[in-house]
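Examining the three-dimensional arrangement
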Amino acid sequence: MMIERSNAFVIPTPKRLGYSFNWVGRVGLAVILFWAVVAIVGPWIAPHPPGEIVDWDYFGPVTADFWMGTDYLGRDIFSRILMGARYTVGIALASVVLACAGGVILGMVAAVIGGWFDMILSRLLDAFNGIPSLLFGLVVVAAVGSSIPVLILTLAAIYLPGSYRFARALAVNVNATDYVTVARARGESTPYLITREIFPNILGPVLADLGLRFVFIVLVLSGLSFLGLGVQPPNADWGALVRENIEGLSLGAPAVIFPSIAIATLTISVNMFIDNLPTKIRDRSE
């Protein structure tokens, strides 16, 4: 007796689902997850408090006691990088989520409604987008004061117009397709068109844009901290660590090298991951 095999119970592999990563994407994802874990558990595994002076020698070298040397005051750089990961990753993540969520929602609504609403909103955000990002951040933080909520809202406001323009351009193209026209002819509501017809078809490019804006926000945050308007002492994000120890650059001090490496690894790994997203995320049509 021959037994027929049924394909109904075959479990699809990740490759069949289209969620397989190449090695570049895997490396990028691994580095991102590493820094995410460090941001969560860093304060508990740091060997010293961030403001404690543990060495009487400034810009100390790498030793068995101080894995990344000491800074200009004799504080442990390894501990300060672990603590700074929470501020750099946390502030950048919160800001990019706010910026992209607001921009994508406004962009889809403007594309679907059109008319005067689209024109007025686009012109207002275009005017706001014309302000240099770092200059706007400097003015706001200098006027209001530097705090975590202010930094998050400021960075989100800087990148919301760009996210809006990107999402609106995508949504306008999708809004002109036949299936959206049919859905509108059926009498579907605007929330239905946005959530069921437009958003699923722009999700891939939106995720890629989110990753790029995350990188930009990390760099702007580092720039603000480098100018002294970011996270305030004794706490510090990675950009502040570079600013504090910039005098040690001519000495090749680990105190300025390791925070720079941390910023570079995070931003480069995000780009590597976004550029190598799985097929079904990059291209919803497959």
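Just above, that's the structure.
Residues numbered from 1 in each chain as written. Predicted model: local features only at pLDDT ≥ 70, side-chain atom pairs only at ≥ 80, totals over all residues. Heavy atoms only, no water.

Details of the overall build of the protein chain
Secondary structure summary: the protein chain contains eleven helices and zero strands in total. Along the protein chain, helices and strands appear, N-terminal first, in the series α-α-α-α-α-α-α-α-α-α-α. Looking at the protein chain as a whole, 41% of its 286 residues qualify as buried. Taking contacts inside the protein chain between residues at least 6 apart in sequence as the whole, the part at least 24 apart equals 72%. Summed over its atoms, the accessible surface of the protein chain is roughly 15,200 Å², and 68% of this surface lies on carbon and sulfur atoms. (Helix = DSSP H or I, 4+ residues; strand = E, 2+ residues; numbered from the N terminus. Buried < 20%, exposed > 50% of the residue type's maximum accessible area, 1.4 Å probe, protein only. Contact = heavy atoms within 4.5 Å. Areas by Shrake-Rupley, 256 points an atom, 1.4 Å probe, with all protein chains shown as cover.)

What to know about the packing of helix α7 (residues 178-185) against helix α8 (residues 190-226)
Closest axis-to-axis distance for the α7/α8 pair is 11 Å, and the angle between their directions is 175°. One element, α7, and the other, α8, form an angle in the roughly antiparallel class. Contacts from Y179, V180, A183 and R184 of α7 reach α8 at L193, E197 and N201. When grouped by side-chain class, the residues that make up the contact of α7 with α8 number four nonpolar, one polar and two charged. (Axes fitted to C-alpha atoms, helices over the stretch in contact; angles between N-to-C directions. Parallel < 35°, antiparallel > 145°, perpendicular 65-115°, else oblique. Nonpolar A, V, L, I, M, F, W, Y, C, P; charged D, E, K, R; others polar.)

Some remarks on the side chain of T88
In this structure, T88 sits in helix α3 (residues 77-113). With residues near it in sequence (within four places) discarded, T88 still touches V218, L221, D237, W238 and L266.

Observations concerning unusual backbone geometry
Within the chain, F59 stands out as a residue other than glycine whose phi angle is a positive 50°. Relative to the elements of secondary structure, F59 occurs in the loop between α2 (23-45) and α3.

Notes on the side chain of R213
Relative to the helices and strands, R213 resides in helix α8. A relative accessible area of 11% places R213 in the buried class. One polar contact links the side chain of R213 to the main-chain carbonyl oxygen of G162, over a distance of 3.0 Å. Residues within four places of R213 in sequence aside, it is in contact with V96, C100, Y159, G162, S163 and F166. (Polar contact = N/O pair within 3.5 Å; in protein donor to acceptor, adjacent residues only side chain to side chain.)

Structural notes on the pattern of salt bridges
Tallied over the entire structure, the rule returns nine salt bridges. Of the charged contacts in the structure, one is a salt bridge between D71 and R80, with a shortest N-O distance of 3.9 Å. Across this residue pair, the class does not change: D71 and R80 are buried. A salt bridge links R75 to E244; the nearest nitrogen and oxygen atoms lie 3.5 Å apart. A residue pair is termed long-range when its members are at least 10 positions apart, and R75 in the loop between α2 and α3 and E244 in helix α9 (residues 238-244) qualify at 169 residues. Just as R75 is buried, E244 falls in that class too. (Salt bridge = Lys/Arg side-chain N within 4 Å of Asp/Glu carboxyl O.)

Here we look at the packing of aromatic side chains
Within this structure, the stated rule accounts for six aromatic pairs. The interplanar angle of 65° and the centroid separation of 5.0 Å between the aromatic rings of F34 and W35 together place this pair among those described as edge-to-face. Residue W35 is classed as buried on the basis of its relative accessible area of 11%. With centroids separated by 5.1 Å and ring planes inclined at 50°, the aromatic side chains of W67 and F78 adopt a geometry described as tilted. On the criterion of sequence distance, the pair formed by W67 in the loop between α2 and α3 and F78 in helix α3 is long-range, its members being eleven residues apart. Accessibility expressed as a relative area gives 55% for W67, which makes it exposed. Given a relative accessible area of 18%, F78 falls into the buried group. Three or more aromatic residues joined by ring pairs form one cluster here, namely F34, W35 and W238. (Phe/Tyr/Trp six-rings, centres within 6.5 Å; stacked < 30°, edge-to-face > 60°.)

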